[in-house]
Amino acid sequence: MKKDYIENINDILTEGVIEGKKLENVEVLKQLFEDKDISDMLYQKFNSNLQIGFEEDDLLTKVQDLVYRMNLLVDNLIVPIFGDKDISKIKNEMKSYVKSDIDLYSAVSYDDSDKDFLEEIEPDYYESMRI
């Protein structure tokens, strides 16, 4: 399954689009998935979040959910905080978020409601954005 998981991620990042939604920081996402520590943690948590009775046919959908949520995290939280796109800072921040067990694995709707999980991660940041 890991081979298919990696192939799906690579295909998505090559295309740069999920369900008609453009991924804004594809190069950053590629670097995050290429980082062995991040990649290993993501796969381990991805695999443990698969529900009992998971069918291989659903793998692409679940990988799309993961990549889309990571894209939201990078575009709407990490890059705005580290505006300079310093990849080492972005990687460290992503490692921290993955270790803290944020929900990168649940289904997405491809609408604004998908950003709700970001407010749970950094409520102070989002509260300051409303001012």
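Everything that follows concerns the structure shown earlier in this document.
Residues numbered from 1 in each chain as written. Predicted model: local features only at pLDDT ≥ 70, side-chain atom pairs only at ≥ 80, totals over all residues. Heavy atoms only, no water.

Details of the overall build of the protein
Scanning the protein for helices and strands turns up seven helices and two strands. Across the protein, helices and strands are ordered from the amino to the carboxyl terminus as α-β-β-α-α-α-α-α-α. Here the protein holds 131 residues, and 44% of them are scored as buried. Once local pairs closer than 6 in sequence are excluded, the contacts in the protein between residues at least 24 apart make up 75%. Looking at the protein as shown, the accessible area adds up to about 7400 Å², and 44% of this sits on carbon and sulfur atoms. (Helix = DSSP H or I, 4+ residues; strand = E, 2+ residues; numbered from the N terminus. Buried < 20%, exposed > 50% of the residue type's maximum accessible area, 1.4 Å probe, protein only. Contact = heavy atoms within 4.5 Å. Areas by Shrake-Rupley, 256 points an atom, 1.4 Å probe, with all protein chains shown as cover.)

A short note on the pattern of salt bridges
Counted according to the given criterion, the structure contains nine salt bridges. Note that Asp-35 is salt-bridged to Lys-91, the shortest N-O span being 3.8 Å. Of the two residues, Asp-35 is situated in the loop between helix H2 (26-34) and helix H3 (36-48) and Lys-91 in helix H5 (residues 87-99); the sequence distance between them amounts to 56 residues. When the shortest N-O distance is used, the salt bridge between Lys-62 and Asp-65 registers 3.7 Å. Here Lys-62 pairs with Asp-65, and both are found in helix H4 (residues 59-81), just three residues apart, close to one helical turn. Taking relative accessible area as the criterion, Lys-62 reaches 21% and is therefore assigned partly exposed. Note on Asp-65: relative accessible area 4%, which makes it buried. (Salt bridge = Lys/Arg side-chain N within 4 Å of Asp/Glu carboxyl O.)

Thoughts on the environment of Ser-100
For Ser-100, the location among the structural elements is in the loop between H5 and helix H6 (116-121). Given the relative accessible area of 46%, Ser-100 is considered partly exposed. Measuring from C-alpha to C-alpha, the distance between Ser-100 and Ile-121 comes to 9.5 Å, with 21 residues separating the pair along the chain. Among the polar contacts made by the side chain of Ser-100, one reaches the main-chain carbonyl oxygen of Tyr-97 at a distance of 2.8 Å. (Polar contact = N/O pair within 3.5 Å; in protein donor to acceptor, adjacent residues only side chain to side chain.)

Structural notes on a negative patch on the surface
A cluster of acidic residues, Asp-4, Glu-55, Glu-56, Asp-57 and Asp-58, forms a negative patch at the surface. Mapped onto the fold, Asp-4 is located in helix H1 (residues 2-15). (Patch = residues over 30% accessible without salt bridge, like charges linked within 9 Å, V, L, I, M, F, W, Y side chains within 5 Å. Lys, Arg positive; Asp, Glu negative; His and termini not counted. Charge placed at Lys NZ, Arg CZ, Asp CG, Glu CD.)

Re H3
When the terminal C-alpha atoms of H3 are compared, their 18 Å separation across 13 residues agrees well with the 18 Å that a helix rising 1.5 Å per residue should span. Buried residues in H3 make contact with H1, H2, H4 and H5. With a side-chain oxygen lying 3.1 Å from the backbone nitrogen of Asp-37, the N-terminal cap of H3 falls on Asp-35. (Expected span 1.5 Å × (residues − 1).)

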